[in-house]
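A structural walkthrough
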Amino acid sequence: MKKYFVLASAALALCACETTSSRPYTVSTENIMAFQSKLQSTDQKVQVADFSLAEGVKESMTCRALGALEVAPGKTPVQFIQGAMQDELFNAGAVDTSTGTVLNGRIEQLDFNSFGTGSWTIALNVSSEALPTGYTVDTKYSFKTSYSAVRACQNVIDAFTPAVQELIGKVVAHEQFDQLTGASAETPVAAIDTTDVL
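All of these numbers come straight from a predicted model, not from anything done at the bench. (Residues numbered from 1 in each chain as written. Predicted model: local features only at pLDDT ≥ 70, side-chain atom pairs only at ≥ 80, totals over all residues. Heavy atoms only, no water.)

**Quick notes on the side chain of Gln47**
Here Gln47 lies in strand E1 (residues 46-48). Take Gln47: its relative accessible area is 17%, and that puts it in the buried class. Separated by 2.9 Å, the side chain of Gln47 and the backbone oxygen of Gly100 make a polar contact. Setting aside residues up to four positions removed in sequence, Gln47 forms contacts with Asp96, Thr97, Ser98, Thr99, Gly100, Thr101, Val102 and Leu103. (Helix = DSSP H or I, 4+ residues; strand = E, 2+ residues; numbered from the N terminus. Buried < 20%, exposed > 50% of the residue type's maximum accessible area, 1.4 Å probe, protein only. Polar contact = N/O pair within 3.5 Å; in protein donor to acceptor, adjacent residues only side chain to side chain. Contact = heavy atoms within 4.5 Å.)

Structure representation (structure tokens):
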């Protein structure tokens, strides 16, 4: 009897220690093109400051009984979202780390559901000196889950990148994006010399 108890305990421990694989971010071509469309015509440059968490939002998350959820190798979810934004702006040729408009980010909501219809719910406030109050975008990205804890938690991780891509797409599509980056600032009109006009 004792032997069976030891075997059962060992099996349970192995299940509890089962880990899921994290994923690096993959840039969205659609988002890059949107950034280019908004910023290249004005040659506006930006830089991304460290993102923060709003009060009450928890960054450390666990998935079912499998322990801590790691969405990317060596990165917290906040660092992942900040890095994603920076990567897409960089690929759009819109980053200048010395003179670009500084974009700030604050994660207002960060939750996932691995039961039933899986989903990530993320809300991000972006602001800058040009738009101090900023604006908030949010997304609820749905994905397939599973009865298996290991498979379900892997699906949670796999869905984080497309959820963040969708979130960033909403940042650049927002009607106040030009104000945020300073691209909407009016260009001074040069004075016309009418001295010689008849």
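That was the structure; now back to the text.
**Observations regarding the state of the cysteines**
By the definition in use, this model includes one disulfide. Note that Cys63 is cross-linked by a disulfide to Cys153, the S-S spacing being 1.9 Å. Looking down the S-S bond of the Cys63 and Cys153 bridge, the torsion is -90°, so its handedness is left-handed. With Cys63 in the loop between strand E2 (52-53) and helix H3 (77-91) and Cys153 in helix H4 (residues 149-173), the pair connects residues that are 90 residues apart, well separated along the chain. Overall, Cys153 belongs to the buried group, its relative accessible area being 1%. (Disulfide = S-S within 2.5 Å.)

**Regarding the packing of aromatic side chains**
Taken as a whole and assessed by the stated rule, the structure comprises five aromatic pairs. Measuring from ring centre to ring centre gives 5.6 Å for Tyr25 and Phe80, while their planes differ by 85°; the resulting arrangement is edge-to-face. With Tyr25 in the loop between helix H1 (2-17) and helix H2 (29-39) and Phe80 in helix H3, this pair connects stretches of sequence that are 55 residues apart. Neither residue differs from the other here; Tyr25 and Phe80 are each classed as buried. (Phe/Tyr/Trp six-rings, centres within 6.5 Å; stacked < 30°, edge-to-face > 60°.)

**Some details on the packing of H2 against H4**
Remark: H2 packs on H4, axes separated minimally by 10 Å, with the N-to-C direction vectors making an angle of 15°. Here H2 is positioned roughly parallel relative to H4, judged by the angle of their axes. Handedness of the crossing formed by H2 with H4: left-handed. Mapping the contact onto sequence places Asn31, Ala34, Phe35 and Lys38 in H2 and Gln165, Ile168, Gly169, Val172 and Ala173 in H4. The class makeup of the residues in the contact of H2 with H4 is five nonpolar, three polar and one charged. (Axes fitted to C-alpha atoms, helices over the stretch in contact; angles between N-to-C directions. Parallel < 35°, antiparallel > 145°, perpendicular 65-115°, else oblique. Left-handed = near helix turned anticlockwise from the far one by under 90°. Nonpolar A, V, L, I, M, F, W, Y, C, P; charged D, E, K, R; others polar.)

**Examining the nonpolar core**
Of all hydrophobic cores here, the largest spans 49 residues; its most connected members are Met85, Leu89, Trp120, Ile122, Leu124, Phe160 and Val164. Looking at this core, the elements that each hand over two or more residues are H2, E1, H3, strand E3 (101-113), strand E4 (118-127), strand E5 (135-143), H4 and helix H5 (177-181). Top contributing element to this core by residue count: H4, with 11 residues. Apart from residues no more than four positions distant in its own chain, Leu124 is found in contact with Phe51, Met85, Gly105, Arg106, Ile107, Tyr135, Thr136, Val137, Leu167 and Val171. (Core = buried A, V, L, I, M, F, W, Y, C linked by side-chain atoms within 4.5 Å.)

**Here's the deal with the pairing of E4**
Among the 10 residues of E4, 10 are classified as buried, and the element is accordingly described as predominantly covered. The alternating pattern of E4 places Gly118, Trp120, Ile122, Leu124 and Val126 and Ser119, Thr121, Ala123, Asn125 and Ser127 on opposite faces, both of which are buried. Where E3 meets E4, nine bridges bridge the pair, whose relative direction is antiparallel. For Asp111, the partnering residue across the bridge sits in E4 and is Thr121. In this structure, the hairpin formed by E3 and E4 is closed by a connection of four residues, where Gly116 is found at a positive phi of approximately 65°. Two strands pair when backbone bridges link them, and E4 and E5 are joined in this way by nine bridges, in the antiparallel orientation. If you follow Val126 over to E5, its bridge partner there is Tyr135. (Pairing = 2+ DSSP bridges.)

**As for the environment of Val164**
Its location among the elements puts Val164 in helix H4. Considered as a pair, Val164 and Tyr141 are 23 residues apart in the sequence and their alpha carbons are 8.9 Å apart. The residues touching Val164, leaving out its near neighbours within four places in the chain, are Tyr25, Phe80, Ile81, Ala84 and Ile122.

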